[in-house]
Amino acid sequence: MNKLVVSSSPHFHAKDTTSSIMLDVIIALTPAMIASVILFGFRAAVIILTTVASCVLSEYVSRIVMKRRQTVGDLSCVVTGVLLAMNLPVSISPLIAAFGGVIAIVVVKQMFGGIGQNFVNPALTARIILMNSFPAKMTAWTAPMDHSYFDAMTTATPLGILSEGTGEALPSYLDLFLGNTGGCLGETCALALLLGGVYLVVRRVISPVIPVTYLATAAVLSLVLGRDPLFDLLSGGLMLGAIFMATDYTTSPINFGARIAFAVGCGVLTILIREFGSLPEGVSYSIVLMNITVPLLERAFKPRAFGSVRRRKAGAK
Amino acid sequence: MELTFPKRPYHTHGGAHVPHHKNTAHMETRVMPPPAEVTLPMTQHIGVPCKPVVQKGDHVYVGTKVADSSAYVSAPIHASVSGTVKEIAKVMMPGGQVVDAVVIASDGRMERDPAIQPPEEIRTKRQLYEAARESGLVGLGGAGFPAHVKLNVPEDKNIDTLIVNVAECEPYITSDHREALENGKNVLYGIYKIKEILDVHRVLIAIEDNKPDAIEALRKIADNPEMDPNDEVRVLPLHARYPQGAEKVLVQACTGRRVPIGRLPADIGCLVMNIASVSFFASYMKTGMPLTLKRVTVDGSAVQNPQNVIVPIGTKISELMEFCGGYKEEPKKIIMGGPMMGVAVTSDELPVLKQNNGILAFGEQEAQSMEPTDCIRCGRCVAACPMHLLPTRLEKYAERKDVEALKSLDVMNCMECGCCAYSCPAGRRLVQAIRLGKFYVRKDGAKK
């Protein structure tokens with residue numbers, strides 16, 4: 001008789017794999033990508049392709065340099081590339097965009113051990129580094145639906161208008177919802193982001209716990225501080241952050257209680273930065289700051305094992 | 001407090017939606033003719049191994065006791081064919097331990113031991129305990145825990161609920177399903193006997209809702225005033241979500257109670273018995289014939305004719321496969337039990353054991369397993385764990401042999417149901433690592 005395979009149970013496996021999950025995230029980002037091309041023109045596609053190519057190449061080369069198994073096939077670098085592009089203004093130079101991809105993959109992800117090991121979100125951290133390195137270029141917003149790139153009309157983001165207090169008219173809710181405002185490639189069109197979010201939840205790639213808690217906390221705090229909650233939800237990077245960034249597997253908690261705490265923290269920080277910070281927008285910083293607290297949150301909100309009896313106080317035996 | 005019969009199961013955490021593959025649910029069980037020889041290993045239960053009480057050359061009948069032990073947690077073993085003891089051989093069990101086994105060459109006549117008499121009317125708990133022990137019954141759901149130990153409920157523990165486990169949440173396996181369809185009246189007879197002796201007045205027949213025909217059949221019997229005069233037996237359909245039939249999960253789904261860590265269902269007033277165990281015990285009370293036959297589901301992509309077979313315990317897997325038309329393709333993996341918790345065996349020369357409810361033979365494609373990649377911290381293992389553990393963390397601590405950390409995360413509470421590894425998109429061998437972790441904790445405990 002031939003040799004039999006002997007392995008530990010279970011002998012069955014669900015169909016999902018890391019690459020199928022990452023493919024789902026890419027599919028979920030497709031509406032936002034299409035919206036960015038419609039709103040900001042063909043150049044948006046160029047930026048997306050640039051960051052994706054830069055991320056894939058960075059991943060490929062770093063795995064070879066580190067003499068580790070090649071992981072380009074798990075598609076996580078593609079997701080990082082798309083997410084990074086979503087966080088850049090359309091007028092950014094492709095060179096800077098490509099540099100962002102290198103930072104995200106080489107510095108933030110691979111230097112800490114690759115997929116599953118980075119302690120902060122690669123795309124967001126790269127964006128923060130670019131923001132601090134090229135503050136003017138990273139905040140040069142062009143008006144949507146104006147596809148003449150080089151002499152394009154500059155504009156302010158809705159949150160920029162709000163925090164500058166220049167008296168410029170704020171965009172309507174409908175414009176915010178459809179993305180007809182200034183901003184990063186992928187953050188303006190709430191409709192496209194929500195479509196992607198629904199897809200991820202339906203496909204069970206993410207649980208709605210983090211996005212819903214994040215958005216709800218932000219809305220409540222916004223109301224408490226006398227801001228306009230609906231405006232806060234629809235403007236800036238909040239939708240993009242809540243649906244695609246805060247739900248990043250590696251940098252969000254794995255257990256339910258810690259996820260709630262994490263999302264509440266993100267929501268509170270976002271609104272506090274918007275209200276009191278010197279920056280008009282705080283989604284990137286709040287998510288990255290909360291990323292750092294994840295190990296502590298997981299420890300603090302450790303689930304209680306089935307049937308565990310609450311430990312009595314010492315001596316009360 | 002008044003006990004009620006739940007209409008809907010209570011909420012349970014975690015689990016996985018595994019594909020059912022209940023291909024054999026609608027096929028009648030076939031009875032296998034006596035094999036040429038049977039091999040009866042001395043460990044077919046959890047507990048102390050038996051010692052052979054027969055010698056080479058002895059003549060045995062069906063039902064003759066061939067091995068026993070004086071230990072409390074152990075169960076005697078009986079000849080499943082009539083014939084001559086060929087030898088006391090050494091057999092390597094699926095777990096790797098080598099044990100003695102009584103090998104009986106069949107004379108093909110299947111003569112019953114003339115000494116077998118129906119036991120006298122069982123009235124007391126003591127008689128129930130003794131009858132269960134003599135019958136050789138072990139938990140037939142798969143664990144193989146000696147039934148008499150379970151039925152010997154200490155006086156200070158008050159059992160108010162008997163749960164008959166027909167959940168059968170493992171994919172492929174349909175032996176309990178067929179038992180419910182083919183032998184329902186016998187099951188109810190057994191339930192009534194056991195519940196009267198133990199003075200239990202609430203019996204829940206718990207069954208996953210992917211078996212509507214069995215639910216209907218059992219309801220017909222349980223709702224029949226002639227069969228259930230006191231109306232104390234009800235069928236409770238459960239959500240078909242693995243591992244609904246795991247004892248702790250089942251108790252929670254049926255009663256809402258949680259078995260505390262390190263305790264037994266009896267500590268919270270529940271007694272769980274598998275339907276095949278109840279049915280066998282009913283037959284034993286009628287005939288006195290000990291456990292010698294077992295219904296097993298034979299399935300998998302390498303099997304020609306998948307079906308349920310009533311087979312003499314100790315029959316070689318290869319002979320059982322031959323009865324099912326042989327292999328359709330070269331088997332690459334043979335599993336005792338279901339695909340989620342079953343044990344992969346090294347050879348089809350191993351015998352069918354008392355607690356086996358399925359033998360699966362997988363071909364090339366089904367036998368393949370995923371190459372593990374890095375954990376992406378998706379948290380699916382955590383969401384799937386019915387015991388609220390953190391499988392991915394346990395895996396890391398097991399790799400580091402960090403006994404203290406493993407203990408602080410309640411590693412011993414893991415029942416190895418496999419939901420975590422099943423759900424893991426990175427194909428991590430979580431159960432394997434956690435088993436190792438449990439081993440380190442046990443070793444550490446033994447050292448102290």
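These numbers come from a predicted model, not from an experiment.

Reading the values: rules and limits
Residues numbered from 1 in each chain as written. Chains lettered and ligands numbered in written order. Predicted model: local features only at pLDDT ≥ 70, side-chain atom pairs only at ≥ 80, totals over all residues. Helix = DSSP H or I, 4+ residues; strand = E, 2+ residues; numbered from the N terminus. Buried ≥ 20, exposed ≤ 12 C-beta atoms within 10 Å, placed from the backbone. Contact = placed C-beta atoms within 7 Å. Pairing = 2+ DSSP bridges. Axes fitted to C-alpha atoms, helices over the stretch in contact; angles between N-to-C directions. Core = buried A, V, L, I, M, F, W, Y, C linked by C-beta atoms within 7 Å. Domains from an automatic or database assignment. Nonpolar A, V, L, I, M, F, W, Y, C, P; charged D, E, K, R; others polar. Expected span 1.5 Å × (residues − 1). Arc of directions from axis to C-beta. pLDDT = per-residue confidence, 0-100.

A. Examining the overall build of chain B more closely. On a plain count of helices and strands, chain B comes out with 13 helices and 17 strands. Its C-alpha atoms put chain B at 65 × 55 × 50 Å along the principal axes. Buried residues in chain B amount to 53% of all 448 residues. Excluding contacts between residues fewer than 6 apart, the proportion of contacts in chain B whose partners are at least 24 apart in sequence is 73%.

B. Spotlight on the sheet that holds strand β9 (residues 161-165) of chain B. All names here are of chain B. One open sheet accounts for 4 strands, arranged β11-β10-β9-β12; its pairing is parallel. Each edge of the open sheet is held by one strand with a lone partner, namely β11 (233-238) and β12 (270-274). In this sheet, neighbouring strand axes are inclined to one another by 25 degrees on average, regardless of whether the strands run parallel or antiparallel. Bridge count between strand β10 (residues 203-208) and β11: 6 bridges; the pairing is parallel. By the bridge assignment for β11, E208 is matched with L238. Lying over the sheet, helix α3 (residues 175-198) contacts β9, β10, β11 and β12, oriented at roughly 160 degrees with respect to β9. On the sheet, helix α6 (residues 275-287) packs against β9 and β12 and is oriented at approximately 80 degrees with respect to β12.

C. View of the nonpolar core. Ranked by size, the top nonpolar core spans 95 residues in total, and within it I163, V164, I205, A206 and L250 of chain B carry the most contacts. Residue contributions to this core reach at least three from each of two domains, namely domain 1 (125-287) and domain 2 (380-447) of chain B. The residues touching V164 of chain B, leaving out its near neighbours within four places in the chain, are I191, V203, I205, A206, M273, I275 and V278 of chain B. Ranked by size, the runner-up nonpolar core spans 77 residues in total, among them A35, A97, A192 and V283 of chain A.

D. Up close: the environment of P253 of chain A. Residues and elements named next belong to chain A. Within the element layout of this structure, P253 appears in the loop between α12 (238-245) and α13 (256-276). On the neighbour-count criterion, P253 (28 C-beta atoms within 10 Å) is buried. Distance from P253 to A169, taken between C-alpha atoms, is 40 Å for residues 84 residues apart in sequence. Not counting residues within four places of it along the chain, the set of residues in contact with P253 comprises A258, R259, F262, V294, L297 and E298.

E. View of the pairing of strand β15 (residues 333-336) of chain B. Residues and elements named next belong to chain B. The side-chain alternation of β15 yields two buried faces, one formed by K333 and I335 and the other by I334 and M336. Pairing analysis gives 4 bridges linking β15 to strand β17 (residues 358-362), with the strands arranged antiparallel. Across the sheet, the residue bridging to I334 is A361, located in β17. Of the strand pairs in this sheet, β15 and strand β16 (residues 343-345) are connected by 3 bridges, and their pairing is antiparallel. Its bridge partner lying in β16, I334 is registered against V345. In this structure, the hairpin formed by β15 and β16 is closed by a connection of 6 residues, where G337 is found at a positive phi of approximately 100 degrees.

F. Structural view of unusual backbone geometry. The omega angle of the peptide bond from S9 of chain A to P10 of chain A is -5 degrees, so this bond is cis rather than trans. Mapped onto the elements of the fold, P10 of chain A is located in the segment before α1 (18-40). Not every positive phi belongs to a glycine, and M110 of chain B is a case in point at roughly 50 degrees. Residue placement: M110 of chain B occurs in the loop between β8 (98-106) and α1 (125-134). In this structure M110 of chain B comes out as partly exposed when scored by C-beta crowding, with 16 C-beta atoms within 10 Å. Although it is not a glycine, D199 of chain B adopts a positive phi angle of roughly 55 degrees. Following the sequence through the fold, D199 of chain B ends up in the loop between α3 and β10.

G. Broad picture of the interface of chain B and chain A. In this complex, chain B contributes 52 residues to the contact, which on the side of chain A involves 32 residues. Listing elements by their share of the side of chain B that touches chain A, those giving two or more residues are β15, β16, α12 (419-423) and α13 (430-447) of chain B. Partitioned by chemical class, the residues of the side of chain B that touches chain A number 28 nonpolar, 13 polar and 11 charged.

H. Spotlight on helix α5 (residues 122-133) of chain A. All names here are of chain A. For α5, with 12 residues, the first-to-last C-alpha span of 16 Å sits near the 16 Å given by 1.5 Å per residue. Every buried residue belonging to α5 is among P122, A123, L124, T125, A126, R127 and L130, and all of these are buried. Buried residues along α5 sit in contact with α3 (76-86), α4 (94-109), α6 (135-138), α12 and α14 (283-300).

I. Geometry of the environment of A361 of chain B. Residue and element names in this part refer to chain B. By the secondary structure assignment, A361 is in strand β17. For the pair A361 and I221, spaced 140 residues apart in sequence, the C-alpha separation works out to 35 Å. Excluding residues within four positions of it along the chain, A361 makes contact with G300, A302, V303, M321, Y327, P331 and I334.

J. Broad picture of the sheet that holds strand β6 (residues 77-78) of chain B. Residues and elements named next belong to chain B. Reading across the sheet, the 3 strands line up as β3-β5-β6 and stay open at both edges, with antiparallel pairing between neighbours. In this open sheet, the two strands that pair with only one neighbour each are β3 (51-52) and β6. Both β3 and strand β5 (residues 65-68) contribute to a ladder of 2 bridges, which runs antiparallel. The partner of P52 across the bridge, within β5, is A67.

K. Region of the structure containing helix α9 (residues 190-202) of chain A. All names here are of chain A. Its 13 residues give α9 an end-to-end C-alpha distance of 18 Å, which sits within 8% of 18 Å, the value for a rise of 1.5 Å per residue. Considered for burial, the residues of α9 that qualify are A190, A192, L193, G196, G197 and L200. Buried residues of α9 fall within an arc of 165 degrees about the axis and therefore sit on the same side. Buried residues in α9 make contact with α1, α8 (173-178), α10 (209-224), α11 (229-234) and α12. Directly after α9, the chain includes R204, whose backbone phi takes a positive value near 60 degrees.

L. The domain arrangement of chain B, seen in detail. Residue and element names in this part refer to chain B. Taken domain by domain, chain B comprises domain 1 (125-287) and domain 2 (380-447). If you average the C-alpha positions of domain 1 and of domain 2, the two centres end up 29 Å apart. In this complex, domain 1 contributes 5 residues to the contact, which on the side of domain 2 involves 6 residues. In the side of domain 1 that touches domain 2, the residues fall into 5 nonpolar, no polar and no charged.

M. Region of interest: the confidence of the model for chain A. Predicted confidence across chain A gives a mean pLDDT of 91, with 94% of residues reaching 70 or more. Contacts from residues 312-317 of chain A, a stretch scored under 50 in pLDDT, to residues over four places away or in other chains number 1 contact.

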